[in-house]
Amino acid sequence: MQPKRKRGRPRTVEREATVLLAMENYWREGVHTLSVNEICRRTNLSKPALYREFGGEDGLLDAALAHYQKMVIDTMTADIDPNRPFAETLARIVAGLTGPRDTPQGCLLVKVRDNPAAQGPLTQKRVATIVAAMQAGYAALFQQAQARGETRTDISPEPAGRYLDTQINTILRRLAWNEPPEVIAWEACLALSALLPPGTPLDIPTQN
């Protein structure tokens, strides 16, 4: 006896391509400006297919964030050398964020964090996990630099990690607002110099 075929249309969603398109659109325009109907139109995805494949808009945004983490965040953090002098590391981070790029300005994670109303339970969990890992990584970076005498001694690693996360978010947020990158870089270096011992130079870009 032949097994019965399941009724309904076959699943034809190209998941990876759909996630990539969704990520690019959310990153470029922000989650608050795109309705579920619009994101379905841009990814050539019907609503039934969206719910079948991702469980809804929350599942699609969660998948887009997971792809963004792998493609952007993990790449950025992998480029940070904990053995490099801390002041140089900070300057490199600022230069990397504010320099020329061929990707959308700003950061998808920051845009999602700035719009809690768009976060369903899956997205909330994803955001919390990514943020906790990033702040822990920044704290570890600071702790190693502190052991080498390259930071202030009156700041513990955990708040330093949160502070670094805040300053990086501010850079990315201002870039998304199309503020002048050279101004953002100068002010970011000024803010991050608060983590260094007094008198320690941080390569602050010349403000025009």
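About the thresholds
- Residues numbered from 1 in each chain as written.
- Predicted model: local features only at pLDDT ≥ 70, side-chain atom pairs only at ≥ 80, totals over all residues.
- Heavy atoms only, no water.
- Helix = DSSP H or I, 4+ residues; strand = E, 2+ residues; numbered from the N terminus.
- Expected span 1.5 Å × (residues − 1).
- Buried < 20%, exposed > 50% of the residue type's maximum accessible area, 1.4 Å probe, protein only.
- Contact = heavy atoms within 4.5 Å.
- UniProt positions renumbered as here; feature names shortened; annotations may be inferred.
- Arc of directions from axis to C-beta.
- Core = buried A, V, L, I, M, F, W, Y, C linked by side-chain atoms within 4.5 Å.
- Salt bridge = Lys/Arg side-chain N within 4 Å of Asp/Glu carboxyl O.
- Phe/Tyr/Trp six-rings, centres within 6.5 Å; stacked < 30°, edge-to-face > 60°.

> Would you mind going over helix α7 (residues 121-147) with me for this structure?
Because each turn of an α-helix spans 3.6 residues, side chains separated by three or four positions end up pointing in the same direction. The end-to-end C-alpha distance of α7 is 39 Å, a good match for the 39 Å that 27 residues give at a rise of 1.5 Å each. Looking at α7, one finds that the buried residues are Thr123, Val127, Ile130, Val131, Met134, Tyr138, Ala139, Leu141, Phe142 and Ala145. Where α7 is buried, its residues meet α4 (57-78), α5 (86-98), α6 (108-113) and α8 (157-176). Backbone geometry just downstream of α7 places glycine 149 in the positive-phi region, at approximately 80°.

> In this structure, what is going on with the UniProt feature "DNA-binding region" (unreviewed entry) in the chain? I would like to understand it.
Those places that UniProt annotates as "DNA-binding region" (unreviewed entry) correspond, in this numbering, to residues 35-54. This span, residues 35-54, is 75% helix and 0% strand, and a straight line between its end C-alpha atoms measures 16 Å.

> Just checking my understanding: could you explain unusual backbone geometry for this structure?
Among all residues except glycine, the phi angle is most often negative; among peptide bonds, the trans geometry is most common. Its identity is not glycine, yet asparagine 44 carries a phi of approximately 55°, on the positive side. Turning to its location among the elements, asparagine 44 is positioned in the loop between α2 (36-42) and α3 (47-54). Positive phi values are uncommon outside glycine, yet asparagine 178 reaches one of about 65°. Note that asparagine 178 resides in the loop between α8 and α9 (181-192).

> Mind showing me how you'd approach α9 here?
Relative to the 16 Å expected for 12 residues at 1.5 Å per residue, α9 spans 16 Å between its end C-alpha atoms, a close match to the ideal helical length. Along α9, the positions that sit buried rather than exposed are Ile184, Ala185, Ala188, Cys189 and Leu192. Buried residues along α9 cover an arc of 130° about the axis, so they all sit on one side. On its buried face, α9 sits against α5 and α8.

> Whenever I open this one, the side chain of glutamine 119 confuses me. Can you help?
Counting through the fold element by element, glutamine 119 comes out in the loop between α6 and α7. Apart from residues no more than four positions distant in its own chain, glutamine 119 is found in contact with Val112, Arg113, Gln124 and Val127.

> Quick question: what am I supposed to make of the nonpolar core here?
As a rule of thumb, nonpolar side chains are buried together in soluble globular proteins. Tyr26, Tyr68, Phe86, Leu108, Leu109 and Leu202 are the most contacted members of the largest nonpolar core, which totals 57 residues. The element best represented in this core is α7, accounting for eight residues. Discounting chain neighbours no more than four positions away, the residues touching leucine 108 are Met23, Tyr26, Trp27, Ala64, Leu65 and Tyr68.

> It is not clear to me how the pattern of salt bridges should be interpreted in this structure. Could you clarify?
Under the criterion given, the structure shown has 13 salt bridges. One salt bridge connects arginine 148 with glutamate 150, and the closest N-O pair in it is separated by 3.0 Å. The partner of arginine 174 in a salt bridge is glutamate 187, and the shortest N-O contact between them spans 2.8 Å. Taken together, the positions of arginine 174 in helix α8 and glutamate 187 in helix α9 put the pair 13 residues apart, joining distant regions of the chain. In this structure glutamate 187 comes out as partly exposed when scored by relative accessible area, which is 32%. A single network of salt bridges, built from pairs that share partners, joins Glu29, Glu38, Arg41 and Arg42.

> I keep staring at the environment of cysteine 189 and nothing clicks. Help me out?
Inspection of the secondary structure assignment puts cysteine 189 in helix α9. With a relative accessible area of 1%, cysteine 189 lands in the buried category. Along the sequence, cysteine 189 and alanine 91 sit 98 residues apart, while their C-alpha atoms lie 6.8 Å from each other.

> I keep staring at the packing of aromatic side chains and nothing clicks. Help me out?
What describes a pair of aromatic rings is the distance from one ring centre to the other and the angle between the planes of the rings. Under the defined criterion, the tally for this structure stands at two aromatic pairs. Ring plane angle 85° and centroid distance 4.9 Å describe the contact between tryptophan 27 and tyrosine 68, whose orientation is recorded as edge-to-face. Highlighted residues: tryptophan 27 in helix α1 (residues 15-29) and tyrosine 68 in helix α4, separated in sequence by 41 residues. Assessed through its relative accessible area of 4%, tryptophan 27 is described here as buried. Summarising the aromatic geometry, the rings of phenylalanine 86 and phenylalanine 142 are spaced 5.8 Å apart at their centres and angled 80° between planes, so their arrangement reads as edge-to-face. Separated by 56 residues along the polypeptide, phenylalanine 86 in helix α5 and phenylalanine 142 in helix α7 bring together distant segments of the chain.

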